[in-house]
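Structural overview for review
Here's the letter readout for the chains.
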Amino acid sequence: MATETALGASVGTTRETSGFRHWSALRNAAILLVAWEVLGRFKLVAGGALPAPTEVLIRFWSDRGDYPAHILATFQGASLGFLIGNGLAILAGILFAVSPVAARLGRGLNVAIFALPPIAISPILVLTFSGMTPRVVLAALGCYFVTMSATVTGISQTDRRMLDVVRAYGGGRLALLRLVEIRAALPAILAGLRVAAPAAVLGSILAEFGGGGRFGLGAYLIGSLGRADPARLWGIGLAATAMALIAYGIFALIEARLTRSTRAVTVAATPPGIRSEGSWLSTIAITLASITLPFLVWWLLLKVLGTPAMIAKTPAGVFDYLFLAPSATSAQTRLLAALGQTLPMTLIGMAAGLAFAFLLALASVVRPGIVRSFMPVALVTQTMPLVALTPLLVLLLGRGPSVILWITISVTFFPAFVTLAQGLGMVSRGALDVVRAYGASPFTQLRLVSIPASLPYLFAAMRLAVPRALLGVMIAEWLATGTGLGNLLNQSRGYLDYGMIWTVAVVSVLISVLFYQIVIVIERHVLRKRGMQPAV
Amino acid sequence: MHLSLNRRHFMGLMGAAATMPMMGRMASAATPFNFQASWINDAEFAGYFLAADKGYYKEAGLELEYLSGGPDVIPESSIIAGKADLTLTTPDTTIKAIVEQGAPFKIIGAQYQKNPIGIVSLAKNPIKEPKDLIGKTLAVPPVNVISVEAMLKISGVDRAQVNIVPYAYDPTPLIKGEIDASVDFTTNVPFTIKQAGEEATSFLLYDFGFTIFNDTVVVTEETLKAKRKEIVAFLKASRKGWDENLADPTAYPKTFADTWFKGTGRSLENEVYFNTAQKPLIENAKGVFSMSEEAIAANIEALAAVGITAKRDHFDTTVLEEV
């Protein structure tokens, strides 16, 4: 009994909304707030670097004149990016769903976009574009993958019988799309938009850090860093969080209105499914083309924009910088040294993030109440700009491996947790009943049934965790430790070392894609052995 | 005379004007001129704000577009990309880019005769000279690491004996004692620390051998050729703004509160403190922005200590002679 209700609540699909549950959620939130207030008031955490909620509120009130312009600017960047990114994503999703060849060709580009670490491409966007454009582009990129995959999934799950009806009356490809597929995909697309909305807000804020504009919550945060005023920073961070949550809530509402169905909050981390069709020769050709496409797009974009070659490095420019130029040896040495610091931490961080997500998902089965009250804190960690928390983090954790590890866990665990919890929730009731009938404890149920059965979701969670782990490590290196790729990127910006800025961006994307592909290979192997299908 | 232009003719004329820049400039009353600042809008740029508010750029025939900077904005990138005609930089990074990447930059002036960057620490745990840093943790913005390494080397302090960590421009870790000192503008941070109830002590890197300018006025060689007249006009108007602002550093910041400073999240008192503290670093007997031969030589010498081979040729003093 406890199992399914707990999971329902933790993954966001409410199956039971009794008054008691509302009360216990409120009670937990109140306990949390009071504890935070006490910790803040009496300066119990990091010598007062954690402000009490009332201090944050008071500060927010006295700063109220500043906020409207900043919120408006962030809203503009985020909403424009949201429109453009999702428009393209839905079109691309339809194209990929309709044409398997296009899906296979686009695979490289899709994975590359999924794996782009915002921290690495934000400086490049700022170099290449001006004004609001970097914000819009980063917001759009944040939306694209989620909505594109949701569209593909939605269309490919259309009821075959409906398609047959339209076909029987002589409906062509367009009629199928218009009358059946897009309508059938609507709930999935709306679920995608819901997850994309906060991503657009965060994308805009991230680009504001480096964009040099005067307005926007990101710009406000940067301007306020020098004031040593944690209450202000928390106020800005919470304003950003509120924006993201409101955006999420609006689309959740629209979705509920339009579709009146409950759906999982997660969205696939796999690009559209590829069924190998045709000869191995055409398979190789398409795979090669799919790998080349991202590089081609990169090159074409720079040509079209006409950005000077000194700032904007083409693929050839990066190759030249890294292998042919007189400074190539020095560049290689610095890059390898940085990778030597970043890669091990990425692997450890990813493992730790996944382990934490896994434990949390298990706990949500065994001890649902505790996990539920932890969720508000977890949500805030997902939307709070980390730069606002840096002083707190370094005061609590120092500037060694532990701060990298914790930042990486906080960046990694949430999507992985949601996916895992969903997987545990989908375990067949019948299989559980068998062991329960033999008197198995919750732990034995987990060990014998739930964990093995949710293996596909574990791999889906790993795929989600890969690029985020690298992102987390780079953020920590940039803000706290001054090591590895994150620091190399930051320093290269200061030294106008454009070649290195591009190299770090490219290398970080390649690493993410490589890890992602490794996970997919292992996943296929393991699941095939067990006769399972990958979770989408 | 009545001129009627349809859209196509108008575009054609615009095209012709673009191919003949001299004509275009003579014809129009104010020439667009884009200025990329090196930081968010604070007192560091008070002189330019004043000149803009009082219409000095307009009088000089310029339509000024002011682009704010920030921690992640690379000012030099704006002039390479053609977003800006003129910018303010730190000379070490600019000259490094000229020497190592062949960037076509010319330094034509310097706002700060003495670089305001220094080592800031708490009075209760004071760092009064480079030697005090031995065994201590120093937070340095990644951009300034070379400057700090130069100062340590010049002062005979082993780099390995100082624990250098990234500085994200938030003084909280310093106030809470997580780090012993940070590298920041001494014209600004001591005020913030005082606000937080602590007393700060600081020294300039400049006073310990790292004798460089800051906010050096930089243009590309191409712009210098094509827009020399406008550059001279900009410097002239800006100097006028600075002179007036520095005459009484407390007078003008308040006039920017609801315009230039709006939304930066900094207090007016902070800007007045900054404006007052920067006065001796900017003032110059030969006029704001001037670069004396001795000062240029001192820059070249200091940069040599970090392995940046600056040349006299990277500085161009002839533009200011026309101001």
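Residues numbered from 1 in each chain as written. Chains lettered and ligands numbered in written order. Predicted model: local features only at pLDDT ≥ 70, side-chain atom pairs only at ≥ 80, totals over all residues.

Structural notes on the overall build of chain A
Within chain A, the regular secondary structure consists of 22 helices and 0 strands. Since a compact globule built from 536 residues should have a radius of gyration of about 24 Å, the 24 Å found for chain A is in line with a globular shape. The principal-axis extents of the C-alpha atoms in chain A amount to approximately 65 × 60 × 40 Å. In chain A, once contacts between residues fewer than 6 apart in sequence are set aside, the share between residues at least 24 apart is 80%. (Helix = DSSP H or I, 4+ residues; strand = E, 2+ residues; numbered from the N terminus. Rg over C-alpha atoms; globule rule 2.2 N^0.38 Å. Contact = placed C-beta atoms within 7 Å.)

Thoughts on the overall build of chain B
Helices and strands together make up the secondary structure of chain B, namely 15 helices and 10 strands. Scaling as 2.2 N^0.38, a compact globule of 323 residues should have a C-alpha radius of gyration of about 20 Å, and chain B matches this with 21 Å. Taking the principal axes of its C-alpha atoms as reference, chain B extends roughly 80 × 40 × 35 Å. When contacts within chain B are restricted to residue pairs at least 6 apart in sequence, those whose partners lie at least 24 apart make up 80%.

What about the pairing of strand E7 (residues 163-166) of chain B?
Of the strand pairs in this sheet, strand E6 (residues 137-140) of chain B and E7(B) are connected by 4 bridges, and their pairing is parallel. In the strand pairing of E7(B), B:Ala139 is matched with B:Val165. (Pairing = 2+ DSSP bridges.)

Examining the domain arrangement of chain A
All names here are of chain A. Here chain A is partitioned into domain 1 (1-14 + 39-59 + 313-536) and domain 2 (63-300). Centre-to-centre, using C-alpha coordinates, domain 1 lies 20 Å away from domain 2. Of the residues lining the interface, 43 residues belong to domain 1; the matching set on domain 2 comes to 39 residues. At the level of elements, helix H3 (53-62), helix H15 (368-383), helix H16 (386-397), helix H17 (401-425), helix H20 (455-481), helix H21 (484-494) and helix H22 (498-530) are the ones that each hand at least two residues to the side of domain 1 that touches domain 2. Considering only residue class, the side of domain 1 that touches domain 2 consists of 31 nonpolar, 8 polar and 4 charged. (Domains from an automatic or database assignment. Nonpolar A, V, L, I, M, F, W, Y, C, P; charged D, E, K, R; others polar.)

So, the interface of chain A and chain B
Interface size is often expressed as the accessible area that is lost when the parts come together. Chain A puts 47 residues into the contact, and the matching count from chain B is 43 residues. Considered class by class, the residues forming the side of chain A that touches chain B number 25 nonpolar, 16 polar and 6 charged.

Some words on the sheet that holds strand E1 (residues 31-36) of chain B
All names here are of chain B. Pairing is mixed in the open sheet, where 5 strands are placed in the order E2-E1-E3-E10-E4. Across the chains shown, the open sheet's two edge strands, defined by having one partner strand only, are strand E2 (62-67) and strand E4 (105-112). The sheet shows a mean angle of 25° between the axes of neighbouring strands, direction not considered. With 6 bridges joining them, E1 and E2 adopt parallel strand pairing. Counterpart to Phe35 in the pairing with E2 is Tyr66. With respect to the sheet, helix H11 (residues 228-247) is in contact with E1, E2, strand E3 (86-89), E4 and strand E10 (214-220), its orientation differing from that of E2 by roughly 70°. (Axes fitted to C-alpha atoms, helices over the stretch in contact; angles between N-to-C directions.)

Notes on the domain arrangement of chain B
Residue and element names in this part refer to chain B. According to the domain assignment, chain B contains domain 1 (30-113 + 213-321) and domain 2 (117-208). Between the C-alpha centres of domain 1 and domain 2 there is a distance of 25 Å. With 12 residues of domain 1 in contact, the opposing surface of domain 2 contributes 12 residues. Of all the secondary structure elements, the ones that give two or more residues to the side of domain 1 that touches domain 2 are helix H6 (91-101) and helix H13 (268-282). It is H13 that provides the largest number of residues to the side of domain 1 that touches domain 2, a total of 5 residues. Within the side of domain 1 that touches domain 2, the residues separate by chemical class into 7 nonpolar, 4 polar and 1 charged.

A short note on unusual backbone geometry
Negative phi characterises most residues that are not glycine, and trans characterises most peptide bonds. All names here are of chain A. Positive phi, normally seen in glycine, also occurs at Lys43, with a value near 50°. Looking at the element boundaries, Lys43 is found in the loop between helix H2 (19-41) and H3. In the Ramachandran plot, Leu496 falls in the positive-phi region, its phi being about 55° despite a non-glycine side chain. Following the sequence through the fold, Leu496 ends up in the loop between H21 and H22. Given 27 C-beta atoms within a 10 Å radius, Leu496 is considered buried. (Buried ≥ 20, exposed ≤ 12 C-beta atoms within 10 Å, placed from the backbone.)

Re the sheet that holds E6(B)
Residues and elements named next belong to chain B. In spatial order, the strands read E7-E6-E8-E5-E9; together these 5 strands make up an open sheet with mixed pairing. The open sheet terminates on both sides in strands that have one partner only, identified here as E7 and strand E9 (200-204). Mean inter-strand twist for the sheet, computed between neighbouring axes without regard to direction, equals 30°. Direction of pairing for strand E5 (residues 117-122) relative to E9: antiparallel, over a ladder of 5 bridges. Considered in E9, the bridge of Leu122 is made with Ala200.

Focus on the confidence of the model for chain A
Residues and elements named next belong to chain A. The predicted model of chain A averages 84 in pLDDT, with 91% of residues at 70 or higher. Overall, residues 1-18 carries pLDDT values under 50, and its contacts beyond four positions in sequence, including any with other chains, amount to 37 contacts. A low-confidence stretch, residues 261-268 stays under pLDDT 50, and its non-local contacts, those more than four residues away or across chains, total 23 contacts. (pLDDT = per-residue confidence, 0-100.)

Thoughts on the packing of H16(A) against H17(A)
Residue and element names in this part refer to chain A. Where H16 contacts H17, the two axes come as close as 10 Å, and the packing angle between them is 135°. When the axis of H16 is compared with that of H17, the two are oblique. Between H16 and H17 the crossing geometry is right-handed. On H17, the residues that touch Leu386, Leu393, Val394 and Leu397 of H16 are Ser402, Val403, Trp406 and Ile407. Looking at the contact of H16 with H17, its residues break down into 7 nonpolar, 1 polar and no charged. (Parallel < 35°, antiparallel > 145°, perpendicular 65-115°, else oblique. Left-handed = near helix turned anticlockwise from the far one by under 90°.)

Looking at the packing of H16(A) against H20(A)
Residues and elements named next belong to chain A. It is at 10 Å that the axes of H16 and H20 come closest, and there the two elements cross at 60°. Judged by the inter-axis angle, H16 sits oblique to H20. Note on packing geometry: the crossing formed by H16 with H20 is right-handed. Every residue of H20 that contacts H16 at Leu386, Val387, Thr390, Leu393 and Val394 is listed here: Ile475, Leu479 and Ala480.

Examining the confidence of the model for chain B
Overall, the prediction assigns chain B a mean pLDDT of 88, with 91% of residues at 70 or greater. Reported confidence for the predicted complex is 0.80 by ipTM and 0.84 by pTM.

With respect to H6(B)
Taking burial as the measure, the 11 residues of H6(B) include 8 buried ones, the bulk of the element. The positive-phi residue at the C-terminal boundary of H6(B) is B:Gly102, with phi of around 65°.

Points about the environment of A:Ile222
Mapped onto the secondary structure, A:Ile222 falls in helix H10 (residues 217-224). Residue A:Ile222 is classed as buried on the basis of its 27 C-beta neighbours within 10 Å. The spacing of A:Ile222 and A:Gly353 is 131 residues in sequence and 28 Å in space, taken between C-alpha atoms. Residue contacts for A:Ile222: discarding those within four places in its chain leaves A:Phe209, B:Ile40, B:Gly70 and B:Pro71.

Observations regarding the environment of A:Ala200
All names here are of chain A. Locating Ala200 in the fold gives a position in helix H9 (residues 173-211). A residue is classified by how many C-beta atoms lie within 10 Å of it, and Ala200, with 33 of them, is buried. Considering only alpha carbons, one finds Ala200 and Pro100, 100 residues apart in sequence, at a separation of 29 Å. Excluding anything up to four places from it in sequence, Ala200 contacts Ala78, Gly81, Phe82, Gly85, Ala139, Gly142 and Cys143.

Considerations on the pairing of E4(B)
Residues and elements named next belong to chain B. Of all 8 residues in E4, 7 are buried; the element is thus mostly enclosed. Relative to E10, E4 is paired through 6 bridges, and the arrangement is antiparallel. The residue of E10 that forms the bridge with Gly109 is Val217.

Concerning the environment of B:Leu320
Residues and elements named next belong to chain B. Within the secondary structure, Leu320 sits in helix H15 (residues 318-321). Classification of Leu320 as buried rests on a count of 22 C-beta atoms within 10 Å. For Leu320 and Ala257, which are 63 residues apart along the polypeptide, the C-alpha to C-alpha distance reads 31 Å. Contact partners of Leu320, with chain neighbours within four places excluded, come to Ile108, Gly109, Leu235, Phe289 and Ser290.

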